[in-house]
Structures are given as structure tokens and as C-alpha cells.
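# Examination of the molecular architecture
Chain by chain, the residues run as shown.
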Amino acid sequence: NGDSVQRFDPVSGELSPFVGRVTAVHKGLGYVDVQWPFGNERMAADDVVKVNPQFLRYLPPSLNFSWYPGYDVTKQAAKTEWRS
């Protein structure tokens, strides 16, 4: 819980440019909940790769969303931006 991750595509072997933060781990199911810049998503643990926290400082802010504290903050920010 709290780890920074990227989505891994096993077909192409590529990583998503976005970094998310694990918000919940469901060990019995083999799934994790990940907070992405576009929302929270439940996905198989095999579909994400843990990111070295020291690497995050080299990512541009547009891709590094690992600092998001939770889904509610993301919803609030989206509502605020939409009204502007």
C-alpha cells in the first residue's frame, strides 16, 4: 500500500507513461487499487510494475501522479477544473 507503480502491457512489453499510487491491496483476489491521474482503478497485480521512488524525481510533473493522496482529492480537482 502506497507503492508507486506503472501499468505494464505484456503484449507490447511497454510501460504506461503515467505513474500511480497503490491505494489498496486485495491479497486474496490478487488485485490492487491504483490511483491514476484519471481516477482509481482495480487491476490485477501482475499488470503493474513497482517504480523505484528515487526514479520519480526525474519524471516530468505531467506524468508523475504518485503524490495523489486519494480518489476524493482527484474528484475535487476534476470538478474545480471543469467549472473554470
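Given the structure is predicted, the values throughout are model-derived calculations rather than measurements.

If you tally the helices and strands in the chain, you get one helix and six strands. In sequence order, the chain lays out its α and β elements as β-β-β-β-β-β-α. Residues counted as buried form 30% of the 84 residues belonging to the chain. If you take every contact in the chain between residues at least 6 apart in sequence, the share linking residues at least 24 apart comes to 42%. If you sum the accessible surface of the chain, you get close to 5800 Å²; carbon and sulfur atoms cover 55% of it.

Take the confidence of the model for the chain next. Taken as a whole, the chain shows an average pLDDT of 76; of its residues, 65% reach a score of 70 or greater. Looking over the chain, one finds the lowest element-wise mean pLDDT in helix α1 (residues 71-83), namely 46, and the highest in strand β4 (residues 31-36), namely 93. This stretch, residues 70-84, has a pLDDT under 50; its non-local contacts, to residues over four places away or in other chains, come to seven contacts.

Calculation notes
- Residues numbered from 1 in each chain as written.
- Predicted model: local features only at pLDDT ≥ 70, side-chain atom pairs only at ≥ 80, totals over all residues.
- Heavy atoms only, no water.
- Helix = DSSP H or I, 4+ residues; strand = E, 2+ residues; numbered from the N terminus.
- Buried < 20%, exposed > 50% of the residue type's maximum accessible area, 1.4 Å probe, protein only.
- Contact = heavy atoms within 4.5 Å.
- Areas by Shrake-Rupley, 256 points an atom, 1.4 Å probe, with all protein chains shown as cover.
- pLDDT = per-residue confidence, 0-100.

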